[in-house]
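Structural overview
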Amino acid sequence: QVQLVESGGGLVQSGGSLRLSCAASGSIFRIYVMGWYRQAPGKQREVVAVTISGGNTNYADSVKGRATVSRDTAKNTVSLEMNSLKPEDTAVYYCYVVSSSSAVQAPSPYWGQGTQVTVSS
């Protein structure tokens, strides 16, 4: 199995910046997708940014221009940097990975436990 651990969440001021990190560990043969989702109070979970192997990184319209996702393939980590933070960015942020455990296993999705980001006004 795969475990995802997020870090970097906390309380930040409106207009500030933050960096979230996610480390994947466990039985990992190949990672196909890495990215970030978030869920604000009273809202459904939504995509923030995802990067697909062999493809581009896609950002949600709400964060485009303010967010940058970076993947370190060798370390199985992914980070999310955001600036010009708004109160509307307040949410629990979840790391998301699609990976396979061996050459004969189909890929499976995994979720981190989530890290709270609160942007104060």
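Throughout what follows, the structure given in this document is the object of discussion.

This part takes up the overall build of the protein chain. The number of helices and strands found in the protein chain is zero helices and eleven strands. Going from the N terminus to the C terminus, the protein chain shows its helices and strands as β-β-β-β-β-β-β-β-β-β-β. Here the C-alpha atoms of the protein chain give a radius of gyration of 14 Å, agreeing with the 14 Å that 2.2 N^0.38 yields for 121 residues. Judged by the C-alpha coordinates and their principal axes, the protein chain covers about 50 × 25 × 25 Å. Burial statistics for the protein chain: of 121 residues in total, 39% are counted as buried. Within the protein chain, residue pairs in contact and separated by at least 24 positions form 57% of the contacts whose partners lie at least 6 positions apart. When the accessible surface of the protein chain is split by element, carbon and sulfur atoms take 47% of a total near 6,500 Å². Here the protein chain holds 10 positive side-chain charges and 7 negative ones, and the gap between their average locations is 4 Å.

How each quantity is defined
Residues numbered from 1 in each chain as written. Predicted model: local features only at pLDDT ≥ 70, side-chain atom pairs only at ≥ 80, totals over all residues. Heavy atoms only, no water. Helix = DSSP H or I, 4+ residues; strand = E, 2+ residues; numbered from the N terminus. Rg over C-alpha atoms; globule rule 2.2 N^0.38 Å. Buried < 20%, exposed > 50% of the residue type's maximum accessible area, 1.4 Å probe, protein only. Contact = heavy atoms within 4.5 Å. Areas by Shrake-Rupley, 256 points an atom, 1.4 Å probe, with all protein chains shown as cover. Lys, Arg positive; Asp, Glu negative; His and termini not counted. Charge placed at Lys NZ, Arg CZ, Asp CG, Glu CD.

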